[in-house]
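Chain by chain, the residues:
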Amino acid sequence: MAFNHATNFSIGSVRVDVAAGSDGRWSPLQLLLENSSLDATTDSVGASYAPKCHPETREAVTNDIMDWAQDPLEPKPVLWISGPAGAGKTCIQRRIVDLLKGKGLFAGAFIFSTNSLETNNESRLISTLALQLGQTTPNSKPFILKAIEDDPGIFKKSLEVQAESLIFGPLQSAHSLSTSSLPKRFLESIGWVSPTPMRPNFILIDGLDECAEGKEQAHIVGLLRKLATHPSYPFRIIVASRPEYEIRRSFASPPLISITRSLKLESYGADSDIRKFLIYEFARLRSTHPCASIIPLIWPLPRDIQILVEKASGQFIFVATVIKYLDHPRRNPVVELKNILDLPSQPSFTGGNPFAELDALYTKVLHPPDVDIPLLRTILHTIIHNRASYGSPLNELSEIDNLLHLDPGTTDIALSDLHSIVSLKSPVPPRISFHHKSMEDFLMSSARAGDLYQDAVTTNLRLVEARCRLSKLEITGGRKANHQLALAVIHLRLLPEQQMFEMGDFVLETLPRYMEEAFLATISGPQWDQVFLFSCNRALVGVYHRYACSKYSECLPPCRRLEGIDKLHDKIKELAGDSEMDGLAKRTILEGLIAGNSSIPIER
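Below: a short report on this structure. (Residues numbered from 1 in each chain as written. Predicted model: local features only at pLDDT ≥ 70, side-chain atom pairs only at ≥ 80, totals over all residues. Heavy atoms only, no water.)

**Notes on the overall build of the protein chain**
For step 1, the next point in the chain: Along the backbone of the protein chain there are 28 helices and nine strands.
For step 2, the next point in the chain: Of the contacts formed within the protein chain by residues at least 6 apart in sequence, a portion of 73% connects residues at least 24 apart.
For step 3, the next point in the chain: Of the roughly 28,600 Å² that the protein chain leaves accessible, carbon and sulfur atoms contribute 54%. (Helix = DSSP H or I, 4+ residues; strand = E, 2+ residues; numbered from the N terminus. Contact = heavy atoms within 4.5 Å. Areas by Shrake-Rupley, 256 points an atom, 1.4 Å probe, with all protein chains shown as cover.)

**A few points about the side chain of Gln132**
For step 1, the next point in the chain: Relative to the helices and strands, Gln132 resides in helix α5 (residues 125-136).
For step 2, the next point in the chain: For Gln132, a relative accessible area of 5% corresponds to the buried category.
For step 3, the next point in the chain: One polar contact links the side chain of Gln132 to the main-chain carbonyl oxygen of Thr128, over a distance of 3.0 Å.
For step 4, the next point in the chain: Here Gln132 is in contact with Thr41, Phe106, Ala107, Gly108 and Ala109, once residues within four sequence places are set aside. (Buried < 20%, exposed > 50% of the residue type's maximum accessible area, 1.4 Å probe, protein only. Polar contact = N/O pair within 3.5 Å; in protein donor to acceptor, adjacent residues only side chain to side chain.)

**Describing the sheet that holds strand β3 (residues 78-82)**
For step 1, the next point in the chain: An order of β4-β5-β6-β3-β7 is seen for the five strands of this open sheet, with the pairing classed as parallel. Sheet topology places β4 (106-111) and β7 (260-264) at the edges, where each strand pairs with a single neighbour. In this sheet, neighbouring strand axes are inclined to one another by 15° on average, regardless of whether the strands run parallel or antiparallel.
For step 2, the next point in the chain: Of the strand pairs in this sheet, strand β5 (residues 202-206) and strand β6 (residues 236-241) are connected by five bridges, and their pairing is parallel. By the bridge assignment for β6, Phe202 is matched with Arg236.
For step 3, the next point in the chain: Relative to β6, helix α3 (residues 59-69) is tilted by about 155°, and along the sheet it contacts β3, β5, β6 and β7.
For step 4, the next point in the chain: Across the sheet, helix α9 (residues 214-228) is in contact with β3, β5 and β6; its angle to β6 comes to roughly 155°. (Pairing = 2+ DSSP bridges. Axes fitted to C-alpha atoms, helices over the stretch in contact; angles between N-to-C directions.)

**So, helix α4 (residues 89-102)**
For step 1, the next point in the chain: For α4, with 14 residues, the first-to-last C-alpha span of 20 Å sits near the 20 Å given by 1.5 Å per residue.
For step 2, the next point in the chain: Of all the positions in α4, only Lys89, Cys91, Ile92, Gln93, Arg94, Arg95, Ile96, Val97 and Leu100 are classed as buried.
For step 3, the next point in the chain: In this structure, the buried residues of α4 make contact with α2 (45-49), α3, β3, β4, β5 and β6. (Expected span 1.5 Å × (residues − 1).)

**Considerations on the environment of Lys311**
For step 1, the next point in the chain: With respect to the helices, strands and loops of the structure, Lys311 is situated in helix α13 (residues 302-312).
For step 2, the next point in the chain: Take Lys311: its relative accessible area is 8%, and that puts it in the buried class.
For step 3, the next point in the chain: A sequence separation of 46 residues divides Lys311 from Glu357, and the C-alpha atoms of the two residues are 5.7 Å apart.

**Some thoughts on the packing of α3 against α4**
For step 1, the next point in the chain: Axis separation between α3 and α4 bottoms out at 11 Å; the angle between their running directions is 45°. Our classification of the angle between α3 and α4 gives oblique. Crossing handedness for the pair α3 and α4: right-handed. Contact residues: Glu59, Val61, Thr62, Ile65, Met66 and Ala69 in α3; Ile92, Arg95, Ile96, Leu99 and Leu100 in α4. (Parallel < 35°, antiparallel > 145°, perpendicular 65-115°, else oblique. Left-handed = near helix turned anticlockwise from the far one by under 90°.)

**Thoughts on the environment of Leu166**
For step 1, the next point in the chain: If you trace the backbone, Leu166 turns up in helix α7 (residues 159-178).
For step 2, the next point in the chain: Along the sequence, Leu166 and Ser127 sit 39 residues apart, while their C-alpha atoms lie 7.4 Å from each other.

**As for empty space enclosed by the protein**
For step 1, the next point in the chain: What the rule picks out here adds up to three cavities of 30 Å³ or more.
For step 2, the next point in the chain: Roughly 50 Å³ of internal volume is contained in the second largest cavity.
For step 3, the next point in the chain: Surrounding the second largest cavity, Thr42, Gln93, Arg94, Val97, Ala109, Phe110, Ile111, Leu204, Ile205 and Asp206 form its lining.
For step 4, the next point in the chain: Elements with a contribution of two residues or more to the lining of the second largest cavity: α4, β4 and β5.
For step 5, the next point in the chain: Looking at side-chain class alone, the lining of the second largest cavity contains six nonpolar, two polar and two charged residues. (1 Å grid on protein atoms, 1.4 Å probe; cavity = no way out; pocket = protein on both sides within 12 Å on 5 of 7 lines; lining within 4 Å. Points joined across faces, edges and corners; volume = space filled by probe spheres on them. Nonpolar A, V, L, I, M, F, W, Y, C, P; charged D, E, K, R; others polar.)

**A few points about the packing of aromatic side chains**
For step 1, the next point in the chain: If you walk through the whole model with that rule in mind, you get seven aromatic pairs.
For step 2, the next point in the chain: When the ring centre of Phe106 is taken as origin, the NZ or CZ atom of Lys101, which lies over that ring, is 5.3 Å away.
For step 3, the next point in the chain: Lying across the ring of Trp68, Arg236 places its NZ or CZ 4.4 Å from the centre. (Phe/Tyr/Trp six-rings, centres within 6.5 Å; stacked < 30°, edge-to-face > 60°. Lys NZ or Arg CZ within 6 Å of the ring centre and 35° of its normal.)

**Description of the packing of helix α17 (residues 373-384) against helix α18 (residues 397-404)**
For step 1, the next point in the chain: Axis separation between α17 and α18 bottoms out at 11 Å; the angle between their running directions is 110°. For the element pair α17 / α18, the angle class is roughly perpendicular. Crossing geometry of α17 relative to α18 is assigned as right-handed. Touching Thr378, Ile379, Thr382 and Ile383 of α17 are Ile400, Leu403 and Leu404, all from α18.
For step 2, the next point in the chain: Looking at the contact of α17 with α18 residue by residue, the class counts come to five nonpolar, two polar and no charged.

**With respect to the pattern of salt bridges**
For step 1, the next point in the chain: Following the criterion strictly, the structure yields ten salt bridges and no others.
For step 2, the next point in the chain: Linking Asp151 and Lys157 is a salt bridge whose minimum nitrogen-to-oxygen distance equals 2.7 Å.
For step 3, the next point in the chain: For Asp151, a relative accessible area of 22% gives the class partly exposed.
For step 4, the next point in the chain: Close ionic contact of Arg242 with Asp209 constitutes a salt bridge, the shortest N to O distance being 3.7 Å. Highlighted residues: Arg242 in the loop between β6 and α10 (245-252) and Asp209 in the loop between β5 and α9, separated in sequence by 33 residues.
For step 5, the next point in the chain: On the accessibility criterion, Arg242 (14% relative accessible area) is buried.
For step 6, the next point in the chain: Linked by salt bridges that have partners in common, Glu281, Arg284 and Asp327 make up one network. (Salt bridge = Lys/Arg side-chain N within 4 Å of Asp/Glu carboxyl O.)

**Remarks on a nonpolar patch on the surface**
For step 1, the next point in the chain: Where nonpolar side chains cluster on the molecular surface, the patch consists of Leu29, Leu33 and Leu38 and spans about 250 Å² of accessible area.
For step 2, the next point in the chain: Looking at the secondary structure, you find Leu38 in the loop between α1 (28-34) and α2.
For step 3, the next point in the chain: Taking relative accessible area as the criterion, Leu38 reaches 49% and is therefore assigned partly exposed. (Patch = residues over 30% accessible without salt bridge, like charges linked within 9 Å, V, L, I, M, F, W, Y side chains within 5 Å.)

**Section: α18**
For step 1, the next point in the chain: Every buried residue belonging to α18 is among Leu397, Ile400, Asp401, Leu403 and Leu404, and all of these are buried. Buried residues in α18, looked at end-on, bunch into an arc of 165°, giving them a common side.
For step 2, the next point in the chain: In the stretch just after α18, His405 is the one whose phi turns positive, near 60°. (Arc of directions from axis to C-beta.)

**Focus: the pairing of β4**
Regular strands show a simple pattern: their side chains alternate between the two faces of the sheet.
For step 1, the next point in the chain: In terms of burial, β4 is largely enclosed, as six of its six residues are buried.
For step 2, the next point in the chain: Across five bridges, β4 lies against β5 in parallel orientation. Bridge assignment links Ile111 to a residue of β5, and that residue is Asp206.

What follows is the structure in structure tokens.
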């Protein structure tokens, strides 16, 4: 009996529809994948590049977490692991995931990250957990897909409704099915139902502080409480984050405080683990570095390792950055380590900078000989804003050269000595980024970064100008792409509106003209029906009108041009969607619309 292509069938009183919707145009699994984030899971390509705990380190905290996890009488189902940046929270979480998987207890995870629009907010949390639940608890998979088939719009509903429909409902259905012995044995025989009685029930949330909105952080904590206290199918929850205000307040609230165990990484002495890490890594450098033949057999001295341990102040990110820096093939690690050890000590004190030693290291790494500070500052802050939420991320150093109008190879040269902090070989999809978010925090603080600090307003203003310049080159070069211009508007909208017009004549006159030229060039080409790419224009019209035209008795000419584009956009969008009109008739109408707005010739 074959079920490889089965779509709809019944077993006893249970109806199972898993392959396609009734119209045949979509499948529930496809919808689930499209509304989930694989990047947020522990099995993603990016996860394979993530740092892991060094062997024989973090054993005390790992044992405490696993003792809590395996205690059947544990009254608190939520564990909150908090610690500062660079304390090793993500490494610990990944080790816990491996241990839970080995015991068949892992249900799913969500790793928040500011690097992607899919992972810096709450919208895909439940769908991603449901996707994993279908794998870790196979009994529930057909019912998850059935729920999506019954309600394809489920992903537009609240997370609470999604949790009931995609998690608790399928678990209930799977349990009900298991009480019927005949269907259960039948599904076991075709591999749909696991005969094991153990239900994976651990959900791990990592980097909750990297969820961009504080209100969403609080909402997620409240949602996790519901997952942990469900009367029939409670989960055990492990959350790791920095102790940000909204997260602290949420876990301290009455509904959470009684069911949450807090674990502060600062309370675990990390010095011993950091020393083990350094001893192992220095041994590796002595054997594998291109300078290995001139490195002393006893290097570094125990007292030098102790100095590094003290400088780390419990932050693994410090020693990890040191090792990356020394690992550079064109550096003499013996000389460079001496330079690091000679950095002036800046002991922290109450009210002072707890990252003083890390800042001193970053300052040294970022100031190699003959560094061009203005150029490096511009490049580094462009990398900070290199996020998928701003459009297509920059994947190659040459793209930064192109964007910033630099000579080819300039960015490559500027970053050639900075591979210890800048990741130039990110996993698929590739993306230029920093090895750790602490670098971004450093650069965005004027007190910490000094001459490398640049405020976000300045960065976004420069990127608007750069994107518009590229868009103009595309138009004059005969290309109809308007992607760069769309990104320019995105960067513009990230600014406080009252600061937007610091760009003066550029925003008041040049940007609207670029918008008009790019729009008309697009609708004059063979892909005129792709005009929806200019949906960003409407937001710009409103902002422009409020801040540019409010000083005058009537709208400025650029504003009227933008409004004209907006109206034409709606007409063409309606024309493109008319299914009853043939292509020739549409083209005739399109030519009339263009003739009334521009003299740009039509491509035939």
